[in-house]
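Structural overview for review
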Amino acid sequence: MADEQNTAGEQKNPVFEIIRIYNKDISLETPNSPEVFRAEWKPESKIDLDIRSNEVDKENHVFDITLRLTVTTKIAEDKVAFLCEVNQAALVHIENLQDQQLGHALNATVPSILFPYARENISSLVSKAGFPPFILQPLNFDAIYMQRLQQEAQAAQEAPKAAE
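These notes cover the structure that comes with them.

Here we come to the pattern of salt bridges. Where side chains of opposite charge bring their charged atoms close, a pairing between them can arise. Taken as a whole and assessed by the stated rule, the structure comprises six salt bridges. The shortest N-O distance in the salt bridge between Asp 64 and Lys 24 comes to 2.5 Å. Note that Asp 64 is positioned in strand β3 (residues 62-76) and Lys 24 in strand β1 (residues 15-29), a separation of 40 residues in sequence.

This is the structure:
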């Protein structure tokens, strides 16, 4: 996206406005209860993260961004204590950003805003299910986004080599 200018030739100011933060989907499964409550509590947790964005109103530059966090906690290799998934979302009005800035806003800035909400939902669900407190450590979405860009660039460089 090129720098947008108004009719006087001046660059338009960037716009970044959170319209709404909401829960798109929340689930908690405890497939091995009540047995897991009687077992020794030495959990191992795996956290999966996904970020999706969709421009839902092109005319008004409104995006729907969803941060999906899935926590799978096991007390033994094959015994799932709980599986908790939260899809925390936001409607965001974003205008007058260059492509690189827009990518950063959609994949790092907004997920950083959504993360505390998702973390609270997970913590609350897990404790209400009778498990010990579960607090996700903060995530650096800037670093995650930069790592993804590097992986995509590396894959793009390797793709022509694989075709030879």
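On we go from here.
Taking strand neighbours across the sheet as the criterion, the four strands line up as β1-β4-β3-β2 in an open arrangement whose pairing is antiparallel. Both edges of this open sheet fall to β1 and β2 (44-57), since each of them pairs with a single strand only. Pairs of neighbouring strands in the sheet enclose a mean axial angle of 15°, with direction left out of account. Direction of pairing for β1 relative to strand β4 (residues 79-95): antiparallel, over a ladder of 13 bridges.

So, on to helix α2 (residues 99-128). In this model α2 runs 42 Å from its N-terminal to its C-terminal C-alpha over 30 residues, within 8% of the 44 Å that 1.5 Å per residue would give. Considering bend angle alone, the principal kink of α2 is centred on Ala 105 and spans about 40°. Looking one or two places after α2, you find Gly 130, whose phi comes out positive at around 95°.

This paragraph deals with the nonpolar core. Counting residues in hydrophobic clusters, the biggest one holds 31 residues, and the most contacted among them are Leu 67, Phe 82, Ile 94 and Ile 122. Where this core is concerned, the elements lending two or more residues are β3, β4, α2 and α3 (141-163). A per-element tally of this core places α2 first, with 10 residues. If sequence neighbours within four positions are ignored, Ile 94 has contacts with Val 15, Phe 16, His 61, Phe 63, Leu 102, Ala 105 and Leu 106.

It is worth spelling out the environment of Thr 109 at this point. Residue position: Thr 109 is located in helix α2. The class of Thr 109 is partly exposed, set by a relative accessible area of 29%. Spatially, the C-alpha atom of Thr 109 lies 38 Å from that of Val 36, the residues being 73 residues apart in sequence. If sequence neighbours within four positions are ignored, Thr 109 has contacts with Phe 16 and His 104.

Our focus in this paragraph is the side chain of Asp 64. Here Asp 64 falls in the buried class, since its relative accessible area comes to 10%. In terms of polar contacts, Asp 64 uses its side chain to reach the side chain of Tyr 22, at 2.5 Å.

Moving on: unusual backbone geometry. A cis amide bond, omega 10°, links Ser 33 with the succeeding residue Pro 34. Located in the positive-phi region is His 61, a residue other than glycine, with phi close to 60°. Inspection of the secondary structure puts His 61 in the loop between β2 and β3. Judged by its relative accessible area of 23%, His 61 falls in the partly exposed class. In this model, Asn 96 sits at a positive phi of 60°, which is unusual for a non-glycine residue. Here Asn 96 shows up in the loop between β4 and α2.

Tracing the chain through its elements places Asn 107 in helix α2. Since its relative accessible area comes to 11%, Asn 107 is described here as buried. One polar contact links the side chain of Asn 107 to the main-chain carbonyl oxygen of Gly 103, over a distance of 2.9 Å. Non-local contacts of Asn 107, meaning those with residues more than four positions away in its chain, are made with Ile 51, Phe 141, Tyr 145 and Arg 148.

Definitions and limits used
- Residues numbered from 1 in each chain as written.
- Predicted model: local features only at pLDDT ≥ 70, side-chain atom pairs only at ≥ 80, totals over all residues.
- Heavy atoms only, no water.
- Salt bridge = Lys/Arg side-chain N within 4 Å of Asp/Glu carboxyl O.
- Helix = DSSP H or I, 4+ residues; strand = E, 2+ residues; numbered from the N terminus.
- Pairing = 2+ DSSP bridges.
- Axes fitted to C-alpha atoms, helices over the stretch in contact; angles between N-to-C directions.
- Expected span 1.5 Å × (residues − 1).
- Bend = angle between axes of the 7 residues up to and from the residue.
- Core = buried A, V, L, I, M, F, W, Y, C linked by side-chain atoms within 4.5 Å.
- Buried < 20%, exposed > 50% of the residue type's maximum accessible area, 1.4 Å probe, protein only.
- Contact = heavy atoms within 4.5 Å.
- Polar contact = N/O pair within 3.5 Å; in protein donor to acceptor, adjacent residues only side chain to side chain.

By themselves, these observations are geometric and do not establish any function.
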